[in-house]
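# Examining the three-dimensional arrangement
One letter stands for each residue in the lines below.
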Amino acid sequence: MEAAQSKEQYPSGWHRTFYTLWLGAFITGAGYSMTMPFISLFISELGHFSHFQLNIYSGLAFGVTFVSQAIVSPMWGNLADRKGRKLMCMRAAGVMACTIFCIGFARSVWWIIGLRFLQGAFSGYINNATALMAGETPRSHSGWVMSAMTTAGVAGNLVGPLLGGVLSGAFGYRIPFFITGALMFLTFLGTTFLVKEHFTPIKKEKMKPIGQIFRELDNPVVIVAMFFTTMVVISSSMSITPIISLYVKSLMHNHGNIAFVAGVVAATPGLGTLIAASKVGHTMDRIGPKVVLRTGLMVAFILFIPMTFTHSAWSLAGWRFLLGLANAALTPAIQTVLTLDVPAEAFGRIFSLNQSFQAVGAVLGSVIGSVISGLFNYPMVFAVTGLILLLNMIGIWIIFRPRYETRK
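Given the structure is predicted, the values throughout are model-derived calculations rather than measurements.

## Thoughts on the overall build of the protein
Scanning the protein for helices and strands turns up 17 helices and zero strands. By residue count, 58% of the 408 residues in the protein fall in the buried class. The contacts in the protein between residues at least 6 apart in sequence include a share of 86% that link residues at least 24 apart. When the accessible surface of the protein is totalled, it reaches about 16,200 Å², and 69% of it is carbon and sulfur.

## Considering the packing of helix α4 (residues 85-103) against helix α8 (residues 175-194)
For any two helices packed against each other, the geometry is given by the interaxial angle and the distance between the axes. Interhelical geometry of α4 versus α8 gives an angle of 160 degrees and a closest axis separation of 7 Å. Compared by their axis directions, α4 and α8 come out roughly antiparallel. As for the relative orientation of α4 and α8, their crossing is left-handed in sense. Contacts between α4 and α8 involve Lys86, Cys89, Met90, Ala93, Gly94, Met96, Ala97, Ile100, Phe101 and Ile103 on the former and, on the latter, Phe177, Phe178, Thr180, Gly181, Met184, Phe185, Thr187, Phe188, Thr191 and Thr192. When its residues are assigned to classes, the contact of α4 with α8 shows 13 nonpolar, six polar and one charged.

## As for helix α3 (residues 51-83)
When the terminal C-alpha atoms of α3 are compared, their 47 Å separation across 33 residues agrees well with the 48 Å that a helix rising 1.5 Å per residue should span. Along α3, the sharpest change in direction is near 45 degrees and occurs at Val72; proline Pro74 comes one to four residues later. Positive phi appears at Gly84, one or two residues downstream of α3, with a value of about 110 degrees.

## A short note on the environment of Phe101
Residue position: Phe101 is located in helix α4. With 82 residues separating them in the primary sequence, Phe101 and Leu183 have C-alpha atoms 9.9 Å apart. Contact partners of Phe101, with chain neighbours within four places excluded, come to Phe177, Phe178 and Gly181.

## Some details on the side chain of Thr191
Among the structural elements, Thr191 can be located in helix α8. The buried category is assigned to Thr191, whose relative accessible area is 1%. Reaching out from Thr191, the side chain makes a polar contact with the backbone oxygen of Thr187 at a distance of 2.9 Å. When near neighbours in sequence (up to four residues on either side) are disregarded, Thr191 contacts Thr20, Lys86, Cys89, Met90 and Tyr125.

## A closer look at the nonpolar core
Leu21 and Met226 are the most contacted members of the largest nonpolar core, which totals 103 residues. When residues of this core are assigned to their parent elements, the largest contribution, eight residues, is made by helix α10 (residues 220-238). Apart from residues no more than four positions distant in its own chain, Met226 is found in contact with Leu293, Ile334, Val337, Leu338, Asn354, Ile396 and Phe400. Of all hydrophobic cores here, the second largest spans five residues; its members include Val72, Trp76, Ala80 and Met88.

## A look at the packing of helix α1 (residues 14-35) against α8
Where α1 meets α8, the axes come as close as 9 Å, and the angle between the chain directions of the two elements is 165 degrees. Taken together, the axis directions place α1 and α8 in an arrangement best described as roughly antiparallel. In this structure, α1 meets α8 at a crossing whose hand is left-handed. Taking contact as the criterion, the partners of Arg16, Thr17, Thr20, Gly24, Ile27, Thr28, Gly31, Met34 and Thr35 in α1 are, on α8, Pro176, Phe177, Ile179, Thr180, Leu183, Met184, Thr187, Gly190, Thr191 and Leu194. Among the residues making up the contact of α1 with α8, the classes are represented as eight nonpolar, 10 polar and one charged.

## Here we look at the packing of aromatic side chains
In this structure the tally under the stated criterion is 15 aromatic pairs. Judged by centre distance (5.2 Å) and plane angle (70 degrees), the rings of Phe49 and Tyr57 are edge-to-face. Looking at Tyr57, the relative accessible area reads 18%, which means it is buried. An aromatic cluster is present here, built from Tyr247, Phe304, Tyr378 and Phe382 joined pairwise through their rings. Positioned over the ring face of Trp76 is Arg91, at 3.9 Å from the centre of the ring.

## Description of the side chain of Thr229
Mapping Thr229 onto the fold places it in helix α10. The class of Thr229 is buried, set by a relative accessible area of 0%. Setting aside its immediate chain neighbours within four residues, Thr229 contacts Leu293, Leu297, Ile334, Asn392 and Ile396.

## Notes on the confidence of the model for the protein
Per-residue confidence for the protein gives a mean pLDDT of 81; residues scoring 70 or more make up 89%. Note that residues 1-8 has pLDDT below 50 and, in this model, 18 contacts with residues that lie over four places away or in other chains. A low-confidence stretch, residues 403-408 (pLDDT under 50), is modelled with 23 contacts involving residues beyond four sequence positions or located in other chains.

## What about the environment of Val224?
Secondary-structure assignment places Val224 in helix α10. Note on Val224: relative accessible area 34%, which makes it partly exposed. Linking Val224 and Asn354, residues 130 residues apart in sequence, is a C-alpha distance of 9.2 Å.

## Here we look at a nonpolar patch on the surface
A surface patch of nonpolar side chains, amounting to about 560 Å² of accessible area, comprises Phe52, Val367, Val371, Leu375, Phe376 and Met380. Structurally, Leu375 is set in helix α16 (residues 347-375).

## Digging into the environment of Gln119
Within the fold, Gln119 resides in helix α5 (residues 109-121). Classification of Gln119 by relative accessible area gives buried; the value is 7%. Along the chain, Gln119 and Ser68 lie 51 residues apart, while their C-alpha atoms are 8.4 Å from each other. Excluding anything up to four places from it in sequence, Gln119 contacts Thr65, Met96, Thr99, Ile100 and Ile103.

About the criteria used
Residues numbered from 1 in each chain as written. Predicted model: local features only at pLDDT ≥ 70, side-chain atom pairs only at ≥ 80, totals over all residues. Heavy atoms only, no water. Helix = DSSP H or I, 4+ residues; strand = E, 2+ residues; numbered from the N terminus. Buried < 20%, exposed > 50% of the residue type's maximum accessible area, 1.4 Å probe, protein only. Contact = heavy atoms within 4.5 Å. Areas by Shrake-Rupley, 256 points an atom, 1.4 Å probe, with all protein chains shown as cover. Axes fitted to C-alpha atoms, helices over the stretch in contact; angles between N-to-C directions. Parallel < 35°, antiparallel > 145°, perpendicular 65-115°, else oblique. Left-handed = near helix turned anticlockwise from the far one by under 90°. Nonpolar A, V, L, I, M, F, W, Y, C, P; charged D, E, K, R; others polar. Expected span 1.5 Å × (residues − 1). Bend = angle between axes of the 7 residues up to and from the residue. Polar contact = N/O pair within 3.5 Å; in protein donor to acceptor, adjacent residues only side chain to side chain. Core = buried A, V, L, I, M, F, W, Y, C linked by side-chain atoms within 4.5 Å. Phe/Tyr/Trp six-rings, centres within 6.5 Å; stacked < 30°, edge-to-face > 60°. Lys NZ or Arg CZ within 6 Å of the ring centre and 35° of its normal. pLDDT = per-residue confidence, 0-100. Patch = residues over 30% accessible without salt bridge, like charges linked within 9 Å, V, L, I, M, F, W, Y side chains within 5 Å. Salt bridge = Lys/Arg side-chain N within 4 Å of Asp/Glu carboxyl O.

Laid out in structure tokens, this is it:
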């Protein structure tokens, strides 16, 4: 497959679509992180739960969204390749606006879990926005645009926990859900009226089967490896997220403004990624995603070692900030490989398959974090997560040598 294509193949004026989708992805990331780091504390107010029960319910509330997401993502990807990615972004934003707003009225943990399951079945704004931009952007700018789209969600993940921590501490844990629902409705409107997609519908009978697309790829093993790496990267993040506020609470010995400090700890990786993302994107356009991805995995593994042994919430925040610098190299590099090695007609299905692996990783991460912290302790979660990253890094080094040549 020819990696470079002439700029004439790409429509002019794609910048407005990019900025609109970037803002939509930012709001989606902010809305998620404004509510999710504190959901375990929210759940603790809905009943009298033991330590083990609270960890399990928190993991379920996180993970159930990704179970439904993993199941239905291939169906949405097939529809995206036939009807366009803009419609998928509208669908995701609209349903997320409704479900998150309704979670604010929850009176039981099962209410939260049920709505989170429904949300997962219709989710996928950021992935579809990324797939849309992959088709609208000249290949010479693909690394920068993929990094920028990742930065959108990351920037949202940075702002969200801080804002959520302040709002939760001042007004309770329900208010962030209502605000997020309203913001997602605005995202739905912006996507509907401002995004322009140059897409020619493909009849179902004329679409190449996904198996045929894989057989025609130059490096199908690399694409599959990217799927599994996506799963590991998301798992390494999600193993920490469900228990981060509970861990901070234990580190602070149940004293002080726990919600605010937990928000800071949750947000610091986003700050690191935001700072590094632009530089990483331009570096990727210059040297390709291979070196960037391998380096990011190595640094991420190393950083999980001191996080395993920290005894201070602020020290944990510092190490997670450095982890964010490494994370800037991971998801964008994976998405750049997919963009450069997959035909445009299959972007929807390939990116949706990647989203399914993201969902599986989120479920695995939630299970790892909840079960290990429930049976052992919170530091053990960091130790296991670091080991998984190490194994993935070794696998990537093996696969990329020597069969994968960087495409610029």
